[in-house]
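Observations on chain architecture
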Amino acid sequence: MAETQERGLSIVFMGTPEFAATILRHVAAWPGGHVSAVYTQPDRPAGRGHRLMPPPVKVAAQELGLPVFQPRNFREAEDRERLAALKPDILAVAAYGLILPQAVLDCARLAPLNVHGSLLPKYRGAAPIQRAIMDGEAETGVCIMHMQAALDAGPVYSRRAIPTAGHTAGSLHDALAELGGDMLVEVLEQFRTGTAACVEQDHSLATYAAKISKADGWIDWNRPCAAVDAQVRGVTPWPAAQTICALEGRDAFPLNIGAGHVGGPAPAGAEPGELWVCAGGLGVATRDRLYMLDIVRPAGRKPVDARAFLNGHVQGVRAGRCGKLHMPEQE
């Protein structure tokens, strides 16, 4: 332990998206060790031109002057041997995007650590941040766990909660990334001083956070307003909340819901999905209340606030029903 304290920890960092890039910056700034190498996914085609684009972790590593490796996987012996030759004290992983084989996890002298964006054992899997919001959880958080072959099932070194209220998946993602970076550095310091300790998860309480798809963005207005609000926040910014908008006297068109909030009681006799102009602005009837639209984006156009949408699309209606929102299968 004295040797580790004196020379600091040798860390190999693994991650791919912006969540991991934020955490890498925290680890690189920690004076108690050094990042000897960064592993990330290969560059992928992106955008209309399908140009190869580097993952955010690669960009961050290059800015920090750190060596970067991008194996497709670790099936090749050469890739495993290169990693083992680095002899890291700690393997620090955050949203790498691959299931790491045991041979990779065993390369760490002290521990393979993972930064996971949920309060384990809840929301193991690919989309813990979005699913926690969509399920109406009052809080979620970050856990630093010891990696095992089983999915997100290892014992936990550190666990910290954060409220979900007012957050979209995008804003909560950023908050959890910063929190995760701070927590990982704290756990690294515990390993440096020989004080790290972990607690086993209660596997009977485990839930799974399935990957988000575009279909998760379609809004069913026949649900309670709080559930609609949770869904909108959970799919913002991607894949975005979506609906089909049919205004009085106009052809139906796709509409993205950029932001909204729970409003007051729906007008008497209002059916779920009906669009109403009221004193508070533009609202959609749900099962129990009005969901008030703040920001919307008609297909192919820029986002606008509800007042601008009213002026451009709902002219002549000062109050009352002005249209219907529905899912594609209801057409």
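Observations regarding the overall build of the protein
When you go through the protein residue by residue, the secondary structure sums to nine helices and 18 strands. Burial analysis of the protein (331 residues in total) assigns 49% to the buried set. The contacts of the protein with a sequence gap of at least 6 include a subset with a gap of at least 24, amounting to 67%. Carbon and sulfur atoms make up 52% of the accessible area of the protein, which totals about 15,900 Å². Distance between charge centres in the protein, computed from 32 positive and 34 negative side chains, equals 5 Å.

A closer look at the pairing of strand β18 (residues 320-326)
Regular strands place their side chains on alternate faces of the sheet. In terms of burial, β18 is largely enclosed, as five of its seven residues are buried. Relative to β18, strand β12 (residues 241-247) runs antiparallel, the two being bridged by four bridges. If you follow Ile 244 over to β18, its bridge partner there is His 326. Direction of pairing for strand β14 (residues 274-278) relative to β18: antiparallel, over a ladder of four bridges. Along β18, the bridge assignment pairs Val 277 with Gly 320.

Considering the side chain of Gln 242
You can see Gln 242 is positioned in strand β12. Within polar-contact distance, the side chain of Gln 242 engages the backbone oxygen of Lys 214 at 3.3 Å. Sequence-distant contacts of Gln 242, that is, excluding residues within four places in its chain, are made with Lys 214, Gly 217, Trp 218, Ile 219, Leu 255 and Asn 256.

Description of the sheet that holds strand β5 (residues 68-69)
Taken in spatial order, the seven strands of this open sheet run β5-β2-β1-β6-β7-β9-β10, and their pairing is mixed. Among the strands making up the open sheet, the edge pair consists of β5 and β10 (156-163). Summarising the sheet, strand β2 (residues 33-39) and β5 pair through two bridges and their orientation is parallel. Its bridge partner lying in β5, Val 38 is registered against Val 68. Relative to the sheet, helix α2 (residues 18-29) contacts β1 (9-15), β2, β6 (90-94) and β7 (111-116), its axis offset from that of β1 by approximately 170°.

Analysis parameters
- Residues numbered from 1 in each chain as written.
- Predicted model: local features only at pLDDT ≥ 70, side-chain atom pairs only at ≥ 80, totals over all residues.
- Heavy atoms only, no water.
- Helix = DSSP H or I, 4+ residues; strand = E, 2+ residues; numbered from the N terminus.
- Buried < 20%, exposed > 50% of the residue type's maximum accessible area, 1.4 Å probe, protein only.
- Contact = heavy atoms within 4.5 Å.
- Areas by Shrake-Rupley, 256 points an atom, 1.4 Å probe, with all protein chains shown as cover.
- Lys, Arg positive; Asp, Glu negative; His and termini not counted.
- Charge placed at Lys NZ, Arg CZ, Asp CG, Glu CD.
- Pairing = 2+ DSSP bridges.
- Polar contact = N/O pair within 3.5 Å; in protein donor to acceptor, adjacent residues only side chain to side chain.
- Axes fitted to C-alpha atoms, helices over the stretch in contact; angles between N-to-C directions.

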